[in-house]
Each structure stands twice: as C-alpha cells, then as structure tokens.
Amino acid sequence: MVRFKNRWLLVEFLPCPTASSSVLDTSSRDGPEITSKHIWSALKQSVIANFGDTGWGAMSSSLTIKYYSPTTNVCIIRVARDQHCIAWAGVTLMTSVEGRRFIPNVVHLSGTIKQAQMAAITHNRIVVARYRANAKRPTSYHDSYDNFLQSCTEEIEALQD
C-alpha cells in the first residue's frame, strides 16, 4: 500500500491598502468576506494563467484549503509533494481574491499537518500581538483577541489529514 505524501503551505494574505485606508488599518475591509472557496478558485485561476491546463491538471486532485481565518488572513493549503512548487508559485503570483487585492506571503512549508498546525498557531499569536501593538494595548490586556486565539487554536488542532 502506497501512502500519498503531501506538503502543507501556511500562507498569510496581506491586504493591499486602498487610497482611503492606511497601511496598518485592518478594520476597513471592503467587499464581501473571503472564504476558503474563494481562495481555492483564485489559486486555480492563477495556476491556469501561469502554468496552463497541464499545471492545473497535475495539482488539481490534491489541492485543498484546510483552514482559513478571515481575522488574521492565514490559510493552510494541502497539496501533493510533487506539485508543491507549482502551488507555491501559483500562490505567489496571485494578486487578488474576489476582487480584493492581496499580497500572499508563504510563511511556512511543512511535510506534516502537525508542523503546519504549530506554525499556524505561532503565526496567529504574532499577528494578534501586531494588532495589539497597533492598538497601543499592553500585552497583558485581555480583549476579544484572547477568545479568538483560544478558538482558532482549538480549530487548528482539530484539523485532520
């Protein structure tokens, strides 16, 4: 019996500022909320545009978006080991998702879901610390982000291969 080997990409989608918002303003989100289905279809279009039907055919059967957090814009993508370079390039070459402009940043690449989960939890804590620093709150301050960190940690740890 042969085991399928996967690679797990942890991607952060950094929103591009519009003319009416500042670079660090995360509260002004124009347009509908982005979901994992929107990311999947944008990645599909990026791969088809840059690698053609052959590139999409090679990776389409193994591509799944396992997790997406609209609060931190962090996403975990699973793809087959042999096609992870195509997926990484497709993510890097994406410019927008559902009409909203993003800069995709691949934060981590791992061979197991456990390593991707640990990297996602650590990255979520860093992003929340960045939000708190922008709000000029002390690190010991308790706010809604504490509940968010707890719930997203439980959600990420519940992911199955």
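In this report, we go over the structure that sits alongside the text. (Residues numbered from 1 in each chain as written. Predicted model: local features only at pLDDT ≥ 70, side-chain atom pairs only at ≥ 80, totals over all residues. Heavy atoms only, no water.)

1. Structural notes on the packing of aromatic side chains
The description of two aromatic rings rests on the distance between their centres and on the angle between their planes.
Moving on, step 1. One pass over the structure, following the stated rule, counts 2 aromatic pairs.
Moving on, step 2. Ring centres of F13 and F102 lie 6.0 Å apart, and the angle between their planes is 75 degrees; this geometry places the pair in the edge-to-face category. Here F13, found in strand β1 (residues 6-15), pairs with F102, found in strand β5 (residues 100-110); they are 89 residues apart in sequence, far enough to count as distant. Accessibility classification places F13 together with F102 in one group, the buried group.
Moving on, step 3. Pairing W40 with W56 gives two aromatic rings, centres 5.5 Å apart and planes at 75 degrees, and the pair type is edge-to-face.
Moving on, step 4. For W56, a relative accessible area of 11% translates into the label buried. (Phe/Tyr/Trp six-rings, centres within 6.5 Å; stacked < 30°, edge-to-face > 60°. Helix = DSSP H or I, 4+ residues; strand = E, 2+ residues; numbered from the N terminus. Buried < 20%, exposed > 50% of the residue type's maximum accessible area, 1.4 Å probe, protein only.)

2. Some remarks on the packing of helix α3 (residues 113-134) against helix α4 (residues 144-157)
Moving on, step 1. Between α3 and α4, the shortest axis-to-axis distance is 10 Å and the interhelical angle comes to 165 degrees. Our classification of the angle between α3 and α4 gives roughly antiparallel. Between α3 and α4 lies a crossing whose hand is right-handed. For the pair α3 and α4, the contacting residues are Q117, A120, I121, N124, R125, V128, Y131 and R132 in the first and Y145, D146, F148, L149, C152, T153, I156 and E157 in the second. (Axes fitted to C-alpha atoms, helices over the stretch in contact; angles between N-to-C directions. Parallel < 35°, antiparallel > 145°, perpendicular 65-115°, else oblique. Left-handed = near helix turned anticlockwise from the far one by under 90°. Contact = heavy atoms within 4.5 Å.)

3. Structural notes on the pattern of salt bridges
Moving on, step 1. Counted according to the given criterion, the structure contains 1 salt bridge.
Moving on, step 2. Between E12 and R130 there is a salt bridge whose closest N-O contact spans 3.6 Å. Residue E12 is found in strand β1, and its partner R130 is found in helix α3; the two are separated by 118 residues along the sequence.
Moving on, step 3. Overall, the relative accessible area of 5% leaves E12 in the buried class. (Salt bridge = Lys/Arg side-chain N within 4 Å of Asp/Glu carboxyl O.)

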